[in-house]
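Reading the structure
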Amino acid sequence: MPHETATRTALVVLAHHRADSLSAHLARRAVARLTAAGYTVDLLDLHAENFDPRMTVADQPDWGDREKRYSDETEAHMRRILDADVLVAVFPIYWMSVPAIMKGWIDRVWNYGFAYGRSKPRLAGKRILWLGLAGATADDAIVPGMEQVLATQLSEGLAYYSGFADSRVRVLPDAEEQPQTLDAHGNFQVGEAIAGAAREAHYAAFVATAEGHVDEFLAAELVEA
């Protein structure tokens, strides 16, 4: 049975080392959109909470025991995922993937017996939106491939494998103030930084696009419900 509007819950996961970053700003905007839509929101700032992405002996899967008790830190993060109806992950794209701290979070927390290894997945029915910020410009030919690679990793290889009902990857290009492109010879080119009113307009449109992805994600849940 779907949750009543007043009890819907969301987990927003941020993977950026600076609180003043564009990624952090978008995470806060996602929290605002979810709150306005009636969700109780838990913001998980991986860096601010000093999450350790390194695998430990305590969190190493035991293939003979899917009921294994993991470290206290990992068990706490598992509960935060279980408590959420929807998740929104916000991160800068590094080398066609998520930052190391988010990869480590996935490795330690989305663990055997929790995210996979059961005929009835514990995360079944949940939904997740992945918002990746890219330095590439919107007209860069790499962007569609970047989104496809991330969708394969995060949706097919992780979320759907873990029983999620819906997983969406959205790449947000033009995150950098200085346009980043490759010339015909493969040389990396950094353009002149935008400033003043043009910069304000650029980032206002950027944030509006991100918020639009969140709104679209939430609207899909209402239609499906």
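My aim in this report is to walk through the structure given alongside it, one point at a time. Just so it is clear, the structure is predicted and the values come from calculations on it, not from any experiment. (Residues numbered from 1 in each chain as written. Predicted model: local features only at pLDDT ≥ 70, side-chain atom pairs only at ≥ 80, totals over all residues. Heavy atoms only, no water.)

Quick look at the environment of Leu-14 now. With respect to the helices and strands, Leu-14 occurs in strand β1 (residues 9–14). Here Leu-14 falls in the buried class, since its relative accessible area comes to 3%. Non-local contacts of Leu-14, meaning those with residues more than four positions away in its chain, are made with Ser-23, Ala-24, Ala-27, Leu-44, Asp-45, Leu-46 and Val-90. (Helix = DSSP H or I, 4+ residues; strand = E, 2+ residues; numbered from the N terminus. Buried < 20%, exposed > 50% of the residue type's maximum accessible area, 1.4 Å probe, protein only. Contact = heavy atoms within 4.5 Å.)

It is worth spelling out the pairing of strand β4 (residues 127–133) at this point. Where burial is concerned, most of β4 is hidden: seven out of the seven residues are buried. In this structure, strand β3 (residues 86–92) lies alongside β4, joined through seven bridges in parallel fashion. Each bridged residue has a counterpart across the sheet, and for Val-88 the counterpart in β4 is Leu-129. Each parallel crossover has a hand, and for β3 linked through helix α3 (residues 100–109) to β4 it is right-handed. (Pairing = 2+ DSSP bridges. Right-handed = clockwise from strand over helix to strand, strands pointing away.)

Turning next to the pattern of salt bridges. On inspection of all chains with the given rule, the structure shows 17 salt bridges. Between Arg-33 and Asp-215 there is a salt bridge, with the nearest N and O atoms lying 2.5 Å from each other. One end of the pair, Arg-33, is in helix α1 (residues 22–36); the other, Asp-215, is in helix α5 (residues 196–224), and 182 residues separate them in sequence. Asp-215 sits in the partly exposed class, given a relative accessible area of 30%. (Salt bridge = Lys/Arg side-chain N within 4 Å of Asp/Glu carboxyl O.)

What follows deals with unusual backbone geometry. A positive phi angle, close to 55 degrees, is found at Asn-50, a residue other than glycine. One non-glycine residue, Met-96, lies in positive phi territory at about 60 degrees. Inspection of the secondary structure assignment puts Met-96 in the loop between β3 and α3. Met-96 gets classed as partly exposed once you look at its relative accessible area, which sits at 27%.

Quick look at the sheet that holds β4 now. Spatially, β2-β1-β3-β4-β5 is the arrangement adopted by the five strands of the open sheet, whose pairing is parallel. Two strands close off the open sheet at either side, each with one partner strand: β2 (40–45) and β5 (166–172). Adjacent strand axes in the sheet meet at a mean angle of 15 degrees when their direction is disregarded. Of the pairings in the sheet, the one linking β4 to β5 comprises seven bridges and is parallel in character. (Axes fitted to C-alpha atoms, helices over the stretch in contact; angles between N-to-C directions.)

Next up on the list: the nonpolar core. With 38 residues, the main nonpolar core has Leu-46, Ile-81, Phe-91, Met-102, Trp-105, Trp-110 and Trp-130 as its most contacted residues. Sorting the residues of this core by element identifies β1, α2 (72–82), β3, α3, β4, α4 (142–159) and β5 as the ones contributing at least two each. Sort the elements by how many residues they give to this core and α4 lands first, with six residues. Among residues more than four places away in sequence, those in contact with Leu-46 are Val-13, Leu-14, Ala-15, Phe-51, His-77, Ile-101, Met-102 and Trp-105. The next biggest cluster of nonpolar side chains, apart from the first, holds 25 residues, and it includes Ala-10, Val-88, Val-90 and Leu-129. (Core = buried A, V, L, I, M, F, W, Y, C linked by side-chain atoms within 4.5 Å.)

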